[in-house]
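# Structural characterization, general
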Amino acid sequence: NSSVQFFEGVEKLLEIWFARTDGNTNQCDLRNIPRQKLENLLKIVRCEVISFMSNDNIDAYVLSESSMFVAQRRFILKTCGTTTPLQCLKPLLVLVQQYAGFDDVEDVFYSRKNFKRPDLQMSPHQAFEQEVALLDTFFENGSAYCMGAMNRDCWYLYTLNPLSGENNKKLHGGITEPDQTLEILMTELDPEVMSMFSREECATAAEATQKSGIEKLIPNMEVDDFLFDPCGYSMNGIMKNGCYMTIHITPEPEFSYVSFETNVPQTSYKDVISRVLETFQPGKFVLTVFANQTSSASQTPRELLKTSSFSEWMRRDIQFCRFKNYDLTYAFYSKFPS
Ligand code: PUT
């Protein structure tokens with residue numbers, strides 16, 4: 001039905017870890033940035049806050065276009081549609097220095113799946129090369145990667161990859177505390193499942209969260225969910241220890257898209273991945289897992305190499321990258337050969 005207005009569900013995901021050159025971060029905290037300043041930042045990105053929850057370890061914002069998570073030294077901004085997250089880099093770095101007390105960037109991860117309609121994006125997001133050119137103006141030692149088939153379903157990443165050397169090692173050695181991130185980016189979803197994420201079928205976000213089975217994906221999450229009118233759904237989940245999960249759903253059959261992301265540590269992600277797939281029933285999906293050396297998920301590359309299918313979803317390709325202290329696994333699975 002060509003009368004349905006297209007919406008780009010695919011998000012741009014920016015994760016930045018901050019540090020201090022003198023190593024003294026005790027008094028530093030990104031959550032000291034005033035709310036109004038963050039809201040001004042989001043205006044530049046072309047989105048706004050629609051809901052907020054927090055605990056001692058993390059602030060979680062549901063946005064009009066996806067989510068933002070602010071912890072002591074980690075900033076995550078995930079935005080879909082025609083938002084422009086890279087345009088907020090300069091003011092963000094100023095705010096961080098001014099209010100949070102950090103004077104250095106420890107690591108950066110900017111990633112996204114290929115857009116369905118790149119032609120509708122705004123500068124610099126029409127092409128990954130343009131995004132990289134902008135990122136390179138802010139960061140030394142950034143490296144850009146494309147994982148998967150670059151003419152079909154693929155996933156782009158920009159991250160810091162400093163040359164070894166004493167100075168670099170000390171300042172940009174990367175995150176050594178245990179850290180991991182699982183993302184599942186799903187397309188061609190089952191229309192019956194997607195119909196739950198509309199006001200026609202569910203009166204409230206809580207009803208959609210419960211009926212769809214989202215509430216059972218990862219236990220012990222405090223949930224902040226939002227059901228858009230007439231359709232579309234976003235949720236953030238946070239745990240007392242600062243772990244998060246986030247799900248964003250574009251249900252229209254012509255361009256259905258669901259993203260799932262969490263940093264909850266697991267020695268094996270197979271069960272979580274299987275639950276997500278059973279819940280949303282995608283035709284195909286991109287899977288990415290970052291795990292650093294101290295993470296309990298550090299065996300993920302070995303495990304996923306052995307996993308040639310999840311039930312009826314067959315692996316079509318898999319790639320690995322070893323960065324200074326993270327291993328990245330990328331894989332693409334589909335129900336039917338495309
Ligand atoms: N989205 C990037 C994740 C990096 C590891 N936390």
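Higher on the page you've got the structure.
Below, the structure is looked at part by part.

Here is what the cut-offs are and how they apply
Residues numbered from 1 in each chain as written. Predicted model: local features only at pLDDT ≥ 70, side-chain atom pairs only at ≥ 80, totals over all residues. Heavy atoms only, no water. Helix = DSSP H or I, 4+ residues; strand = E, 2+ residues; numbered from the N terminus. Phe/Tyr/Trp six-rings, centres within 6.5 Å; stacked < 30°, edge-to-face > 60°. Buried < 20%, exposed > 50% of the residue type's maximum accessible area, 1.4 Å probe, protein only. Lys NZ or Arg CZ within 6 Å of the ring centre and 35° of its normal. Near = heavy atom within 4 Å. Polar contact = N/O pair within 3.5 Å; in protein donor to acceptor, adjacent residues only side chain to side chain. Areas by Shrake-Rupley, 256 points an atom, 1.4 Å probe, with all protein chains shown as cover.

## Some thoughts on unusual backbone geometry
The amide bond that connects Ser 123 to the next residue, Pro 124, takes the cis arrangement and shows omega of 5 degrees. Its location among the elements puts Pro 124 in the loop between strand E6 (104-113) and helix H3 (128-138). Residue Pro 230 is reached from Asp 229 by a cis peptide bond, and omega for that bond is 5 degrees. The phi angle at Ser 66 is positive, at roughly 90 degrees, despite the residue not being glycine. Along the chain, Ser 66 falls in strand E4 (residues 66-70). A positive phi angle, close to 65 degrees, is found at Asn 220, a residue other than glycine. Relative to the helices and strands, Asn 220 resides in the loop between helix H6 (205-212) and strand E10 (222-227).

## Points about the packing of aromatic side chains
For the structure shown, the criterion picks out 16 aromatic pairs. Both rings, one in Phe 109 and one in Phe 290, keep their centres 5.3 Å apart while their planes meet at 75 degrees; by these two values the pair is edge-to-face. Of the two residues, Phe 109 is situated in strand E6 and Phe 290 in strand E14 (residues 282-292); the sequence distance between them amounts to 181 residues. Classification of Phe 109 as buried rests on a relative accessible area of 8%. Linked through ring pairs, Phe 109, Trp 155, Phe 290 and Tyr 326 together constitute an aromatic cluster. Residue placement shows Arg 117 over the ring face of Phe 6; its charged tip is 5.8 Å from the ring centre.

## Remarks on the site of the ligand
The environment of the ligand is made up of Leu 13, Glu 15, Phe 109, Asp 179, Thr 181, Phe 290 and Tyr 326. Glu 15 places a polar side-chain atom, nitrogen or oxygen, 2.7 Å from a nitrogen atom of the ligand. Between the ligand and the protein, one listed contact pairs a nitrogen atom with a side-chain N or O atom of Asp 179 at 2.6 Å. In isolation the ligand offers 240 Å² of accessible surface; the protein chains occlude 99% of this area.

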